[in-house]
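Descriptive analysis of the structure
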Amino acid sequence: MTDPGQPSLVLVAHGTRNPRGVEMIAELADAVSLKVGTTRVAFVDVLGPSPKEVLRELEGPAVVVPAFLASGFHVHTDVPREVAESGHRSVAVTRALGPDPVFAAVMLERLVDAGWRPGDAIVFAAAGSSDKRALLEHRRAAAMLADIARVQVGIGYVATAEPSVPAAIEALRGQGHERVFVASYLLARGLFHTRLADAGSDGVAEPLGLHSGIVDLVVDRFLDGTRRLVNEAMAAVPRARSS
């Protein structure tokens with residue numbers, strides 16, 4: 001049972017018309033709710049409800065956790081705008097889920113399941129973005145994977161940015177790597193992940209999907225946001241008394 005004094009968690013995702021993607025976010029929210037109480041889901045694009053719609057329905061404080069693997073336009077612009085337009089007076093917005101070492105560990109686990117062996121080169125495959133901040137975070141996430149896999153990791157994009165995943169695979173083969181595997185930096189199966197199958201690799205890892213490490217990461221973000229709300233409330237008490 002949720003503590004009535006505990007903030008509500010609002011998990012904000014991009015939104016997709018692919019039912020698998022929607023189901024994955026719903027499953028993630030359900031798994032998180034078992035640890036922190038009811039978790040609401042909102043989307044910034046494609047489908048609803050929007051973050052401001054969800055926040056307008058909440059009476060108490062809320063912690064918004066952006067379920068994004070990098071902080072691009074949606075995280076820096078859409079989420080703050082939605083929070084402001086909601087009119088909600090007690091909201092803490094956490095940083096995005098990624099990049100984080102948790103994802104590197106999950107990706108390596110998925111790679112091993114796909115047949116990857118130590119020494120095989122890896123292409124870190126991301127959706128892509130026109131936001132330079134997101135591309136920088138993709139490089140950080142790829143470096144985290146390279147650190148634990150101890151092999152060369154190239155970066156390829158399914159859309160928007162360059163190089164493409166096939167080009168990244170070809171570049172690694174040109175450097176003499178006989179076996180090249182694709183690590184999917186995507187949360188769920190969908191059109192983008194399907195495209196990876198024809199990229200020319202020796203194997204494609206499953207998307208990040210529902211994993212206990214990712215569930216715990218969302219919980220950690222929520223607890224960080226909760227602490228911020230508590231600290232802000234405590235700081236406001238002296239100001240209220242002095243006035």
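Everything discussed here concerns the structure shown above.
My aim in this report is to walk through the structure given alongside it, one point at a time. (Residues numbered from 1 in each chain as written. Predicted model: local features only at pLDDT ≥ 70, side-chain atom pairs only at ≥ 80, totals over all residues. Heavy atoms only, no water.)

A few words on unusual backbone geometry. Looking along the chain, the bond that leaves G48 and enters P49 is cis, with omega of 5°. With respect to the helices, strands and loops of the structure, P49 is situated in the loop between β2 (39-43) and α2 (51-57). Even without being glycine, V46 reaches a positive phi, approximately 75°. Inspection of the secondary structure assignment puts V46 in the loop between β2 and α2. Among the residues examined, V46 registers a relative accessible area of 35% and is labelled partly exposed. Phi at R150 takes a positive value of approximately 60°, unusual for a residue other than glycine. Checked against the element boundaries, R150 lands in the loop between α5 (132-149) and β6 (153-157). (Helix = DSSP H or I, 4+ residues; strand = E, 2+ residues; numbered from the N terminus. Buried < 20%, exposed > 50% of the residue type's maximum accessible area, 1.4 Å probe, protein only.)

For β2, the tally of buried residues reaches four of five residues, placing the bulk of the element in the interior. Where strand β1 (residues 8-13) and β2 come together, five bridges link them in parallel fashion. Bridge pairing in β2 links A13 to F43. Regarding the hand of the β-α-β motif, the stretch spanning β1, helix α1 (residues 19-36) and β2 is right-handed. (Pairing = 2+ DSSP bridges. Right-handed = clockwise from strand over helix to strand, strands pointing away.)

With 13 residues, helix α4 (residues 101-113) ought to run about 18 Å at 1.5 Å a step, and its terminal C-alpha atoms sit 19 Å apart, in line with that. Residues F103, A104, V106, M107, L108, R110 and L111 constitute the buried set of α4. Between the side-chain oxygen of the N-cap and the backbone nitrogen of V102 there are 2.9 Å, and the N-cap of α4 in question is D100. G115 sits one or two positions beyond α4 and adopts a positive phi of about 105°. (Expected span 1.5 Å × (residues − 1). Polar contact = N/O pair within 3.5 Å; in protein donor to acceptor, adjacent residues only side chain to side chain.)

The next subject is the packing of aromatic side chains. All told, the structure shown has two aromatic pairs when counted by the stated rule. For the ring pair F103 and Y185, a centre distance of 6.2 Å and an interplane angle of 85° mean the geometry is edge-to-face. In this pair, F103 sits in helix α4 while Y185 sits in the loop between β7 (180-184) and α7 (191-196), placing the two residues 82 residues apart along the sequence. Here F103 matches Y185 in class, with each residue buried. Ring geometry for F124 against Y185: centres 4.6 Å apart, planes inclined by 40°, an arrangement best described as tilted. Of this pair, F124 sits in strand β5 (residues 121-126) while Y185 is found in the loop between β7 and α7, placing the two residues 61 residues apart along the sequence. Judged by relative accessible area, which is 3%, Y185 ranks as buried. What links up through ring pairs into an aromatic cluster is the set F103, F124 and Y185. (Phe/Tyr/Trp six-rings, centres within 6.5 Å; stacked < 30°, edge-to-face > 60°.)

L11, L111, I122, F124, L145, Y185 and L208 are the most contacted members of the largest nonpolar core, which totals 53 residues. Non-local contacts of L145, meaning those with residues more than four positions away in its chain, are made with A104, M107, L108, L111, I122, F124, V153 and A183. Ranked by size, the runner-up nonpolar core spans 15 residues in total, among them V10, V44, V91 and A96. (Core = buried A, V, L, I, M, F, W, Y, C linked by side-chain atoms within 4.5 Å. Contact = heavy atoms within 4.5 Å.)

What follows covers the environment of V36. Among the secondary structure elements, V36 is positioned in helix α1. C-alpha of V36 to C-alpha of H138: the two residues are 102 residues apart in sequence and 29 Å apart in space.

Before going further, it helps to spend a moment on the pattern of salt bridges. Tallied over the full model, the rule gives 13 salt bridges. Of the charged contacts, one joins D131 and R133 as a salt bridge, the two residues approaching to 2.8 Å between their closest N and O atoms. For D131, a relative accessible area of 11% gives the class buried. Owing to a relative accessible area of 41%, R133 belongs among the partly exposed residues under this scheme. For R173, the salt bridge is made with D202, and the minimal N-O distance between the two is 2.9 Å. Here R173, found in helix α6 (residues 165-174), pairs with D202, found in the loop between α7 and β8 (203-204); they are 29 residues apart in sequence, far enough to count as distant. Take R173: its relative accessible area is 29%, and that puts it in the partly exposed class. Overall, the relative accessible area of 37% leaves D202 in the partly exposed class. Because the salt bridges share partners, they merge into one network encompassing K52, D78, R81, E82 and E85. (Salt bridge = Lys/Arg side-chain N within 4 Å of Asp/Glu carboxyl O.)

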